[in-house]
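Each chain, written out:
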Amino acid sequence: MSRFPRALLAVATAGITALSLTACGEDSGSGGTDCESDALKIGTILPQTGSLAFLGPPEFAGVDLAIKEINEAGGVLGCDAEVYHQDSGDTTSPIASESADALIRQGVHTVIGAASSSVSLSFIDKLYQEGIVQISPANTSPEFTTYPNGDYYFRTAPSDVLQGRVLADQIIADGHEKIVILALQDSYGTGLAESVSTNFTDFGGEVLDTIVYDPAATEFSAEAGRVADAGADAVVLITFNEIVNLAPALAEEGMSAQDLGWYFVDGNLSNYGDQFPAGFLEGAKGTYPGADTAGIQDRLLEVDPELTDFTYGPESYDATVLAALAAIQGGKVDSDTIKDNLIDVSRGGTKCNGFTECAELLENDEDIDYEGYSGPIEFSAEGDVSAATIGIYQYQADNTFINLEYKFGSLEG
């Protein structure tokens, strides 16, 4: 097939970036391929601003890497895929809902995002009403499993039912018996707090207090005082970027990472470096859903050489590739075709990795089982991944973390 030269078009509209990687395939007139109308359109609603902005770069890189590989391999059904990037902001602004409106106007077939569970809940109904597939690379709230308008919703990150179990088990294994949980007040924070609490109690530990705070707060002396008064030997910190203010408040109360066990989660597990004094986080541990990302890190760096974190980059790549493979299997790029084929391309066939290998199998009429760079992805009927890997990490003296081990668990049975 002859190809026109690919073009990179960056358009800034009202402060929101739209990135389109496009090329038209052959237009043979009636019955042919017209890439102006037949191209797969992927939209993203991911954090460029707000309390989860540190998660944005690897997520955007994951999507862009997938689009790059899809188009280098010949695109989807004869046309290069297009991607339109929008900001999700956080729960303190209406940015995500406005971004959803913009993507609906642009006619996207699949939306990748949001990172925050609560942000996704702010526009999931809007996409459902328009019949547009949504695949989040980072939502972990258990609420989505039974969400009434969830027919078009999928996620490549596991429910916090699993992360809560693994984190509670790690705290017990480290010898802690009494904990306090400090969690932000949203579906992610309270959902993960409940999972940690239930599992920690089941494993024989005692939860002395669960403190839920306003995610818009910037001062945490009252919360730190409650932790100090509880008499716990460890604290679970379920936060986003508020940790940069909350952690010093704990230390000022004599509860530094060296005074009692600190446990982070995916919402705040980041390489902070000189954001804190040297040694400030040393010894703190944390969990993050996802397999070893070494196999994709170098390729993500080719897309964004300034990446320092890779959290949810692989999940974003996998979400984008799965949408493309579902369209190929169904023979059309519309949202209903993608929705109806996502589960099938994720399980039950010949195992394959990455877009190129899996697309070649589909072209040979083989059933495929996509194995993601974020771990095994087998969608349940509810759009959840039914099994996942959770990494255990520990902070070093330079306030960056290293992996200690990976734990695999299933959400089925």
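Description of the structure in this document.

Quick look at unusual backbone geometry
Glycine aside, residues mostly have negative phi, and peptide bonds are mostly found in the trans state. In the segment running from Gly113 into Ala114, the intervening peptide bond is cis, with an omega of -5°. Within the secondary structure, Ala114 is located in the loop between β5 (110-113) and α4 (117-121). At Leu77, a position not held by glycine, the phi torsion is positive, near 55°. One can find Leu77 in the loop between α2 (56-72) and β4 (82-87). If you check the backbone angles, Asp365 has positive phi at about 65° while not being a glycine. Along the polypeptide, Asp365 turns up in the loop between α13 (354-363) and β14 (368-372).

Comments concerning the pairing of β14
Within β14, 5 of the 5 residues are buried, which leaves the element mostly enclosed by the surrounding structure. Side-chain alternation along β14 places Ile368, Tyr370 and Gly372 on one buried face and Asp369 and Glu371 on a second face that is also buried. Regarding topology, α13 serves as the crossover connection from strand β13 (residues 350-353) to the parallel β14, and that connection is right-handed. Pairing of β14 with strand β15 (residues 375-376), which is carried by 2 bridges, proceeds in the antiparallel orientation.

So, the packing of helix α6 (residues 160-173) against helix α7 (residues 187-202)
Contact pair α6 / α7: the axes reach a minimum separation of 8 Å and the direction vectors enclose 45°. With respect to α7, the element α6 is oriented oblique. Crossing handedness for the pair α6 and α7: right-handed. Touching Asp160, Val161, Gln163, Gly164, Arg165, Leu167, Ala168, Ile171 and Ile172 of α6 are Tyr188, Leu192, Ser195, Val196, Asn199 and Phe200, all from α7.

Digging into the sheet that holds strand β9 (residues 206-213)
With mixed pairing, the 7 strands of this open sheet are ordered in space as β9-β8-β10-β11-β12-β16-β17. Edge positions in the sheet fall to β9 and β17 (401-410), since each has one partner strand and no second. If you compare each strand with its neighbour and ignore which way they point, the axes differ by 20° on average. Direction of pairing for strand β11 (residues 261-264) relative to strand β12 (residues 285-289): parallel, over a ladder of 2 bridges. Within β12, the position partnered with Tyr263 by the bridge is Lys285. Docked against the sheet, α7 engages β8 (178-184), β9 and β10 (234-238), running at close to 165° with respect to β8.

Quick look at helix α8 (residues 221-230)
Here α8 has its buried residues at Glu223, Ala224, Gly225 and Val227. Of the surrounding elements, those touching the buried residues of α8 are β8, β9, β10 and α9 (243-252).

Section: the state of the cysteines
What is meant by a disulfide is a covalent connection between two cysteines, made through their sulfur atoms. Taken as a whole and assessed by the stated rule, the structure comprises 2 disulfides. Between the sulfur of Cys35 and that of Cys79 lies a disulfide, 2.0 Å long from S to S. When the S-S torsion is -90°, as for the bridge of Cys35 with Cys79, the disulfide is left-handed. On the criterion of sequence distance, the pair formed by Cys35 in helix α1 (residues 35-38) and Cys79 in the loop between α2 and β4 is long-range, its members being 44 residues apart. Residue Cys35 is classed as buried on the basis of its relative accessible area, which comes to 3%. For Cys79, a relative accessible area of 0% corresponds to the buried category. There is a disulfide in this structure between Cys352 and Cys358, and the S-S distance comes to 2.1 Å. Its torsion about the S-S bond being 115°, the disulfide of Cys352 and Cys358 is classed as right-handed. On the basis of relative accessible area, Cys352 is assigned to the buried category, the value being 0%. Here the cysteine-cysteine linkages of the protein are recorded as 1-2, 3-4, numbering only bonded cysteines and doing so in sequence order.

Conventions we followed
- Residues numbered from 1 in each chain as written.
- Predicted model: local features only at pLDDT ≥ 70, side-chain atom pairs only at ≥ 80, totals over all residues.
- Heavy atoms only, no water.
- Helix = DSSP H or I, 4+ residues; strand = E, 2+ residues; numbered from the N terminus.
- Buried < 20%, exposed > 50% of the residue type's maximum accessible area, 1.4 Å probe, protein only.
- Right-handed = clockwise from strand over helix to strand, strands pointing away.
- Pairing = 2+ DSSP bridges.
- Axes fitted to C-alpha atoms, helices over the stretch in contact; angles between N-to-C directions.
- Parallel < 35°, antiparallel > 145°, perpendicular 65-115°, else oblique.
- Left-handed = near helix turned anticlockwise from the far one by under 90°.
- Contact = heavy atoms within 4.5 Å.
- Disulfide = S-S within 2.5 Å.

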